[in-house]
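Descriptive structure summary
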Amino acid sequence: KPLSVIDILASGPGTAPPTERGALLMVLSKKLTGRFLRQDLGRALVRLRVPDVYATESRPSFDRISAGLAELEDTHPGFSFRLTGTVVVVSGKVKDMIGDLLKSLGVAALVIFLVLAVAFRSIVIGLISLVPNVFPMAVTAAVIVAMGWPLVLGNVIVFSVCLGIAVDDTIHFIASYRR
């Protein structure tokens, strides 16, 4: 349930509707109203609490709220409405980071192939080296999907670390094999 200046006015004395109790704002403490109303900036704030869920779960709700706010702007010219806050910003940034990390894993696999193919002077060994590097991550991704777990930042970071370990082991194995 959102909390705004209207809720503060509704909790005050009297029977008039909250929208007609504007004079009450002058009487209330600035400390109380300052959290919801900044007359000097021409801003009003509506606070709401959201459940602590993964960014992938909260993002659709934030997108629906933003679309509703855009409709409000269309029906009330001269007013602007914006969805903001730590949770909103973080959920968007986490989604971007996960996408960027996944792209970088793909680029890393390509670079690994090229470097190992050049280092061992064999395209075949470069292709063979992809199997032990990509296979563990593919199996882990399949388990995550099969279990219905969301792809979170921690999983993608673990993929990056595992790729580094797998590459190191692959280089040692191929070098020993060739020797």
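Presented here is a report on the structure given in the accompanying data block. (Residues numbered from 1 in each chain as written. Predicted model: local features only at pLDDT ≥ 70, side-chain atom pairs only at ≥ 80, totals over all residues. Heavy atoms only, no water.)

**Observations regarding the overall build of the chain**
What the chain contains, in helices and strands, is seven helices and two strands. Put simply, the chain runs from its N terminus to its C terminus through helices and strands in the order α-α-α-β-β-α-α-α-α. Counting every position in the chain, which comprises 179 residues, the buried fraction comes to 23%. The long-range fraction of contacts in the chain, counting pairs at least 24 apart against all pairs at least 6 apart in sequence, stands at 55%. When the accessible area of the chain is evaluated, it comes to approximately 12,800 Å², of which 66% is carbon and sulfur surface. (Helix = DSSP H or I, 4+ residues; strand = E, 2+ residues; numbered from the N terminus. Buried < 20%, exposed > 50% of the residue type's maximum accessible area, 1.4 Å probe, protein only. Contact = heavy atoms within 4.5 Å. Areas by Shrake-Rupley, 256 points an atom, 1.4 Å probe, with all protein chains shown as cover.)

**Description of the nonpolar core**
The biggest cluster of nonpolar side chains holds 11 residues, and these are Leu 105, Ile 112, Leu 116, Phe 120, Ile 125, Met 137, Ile 144, Phe 159, Leu 163, Val 167 and Ile 174. No other element matches helix α7 (residues 153-178), which puts four residues into this core. (Core = buried A, V, L, I, M, F, W, Y, C linked by side-chain atoms within 4.5 Å.)

All quantities given are derived from atomic positions and should not be read as evidence of function.
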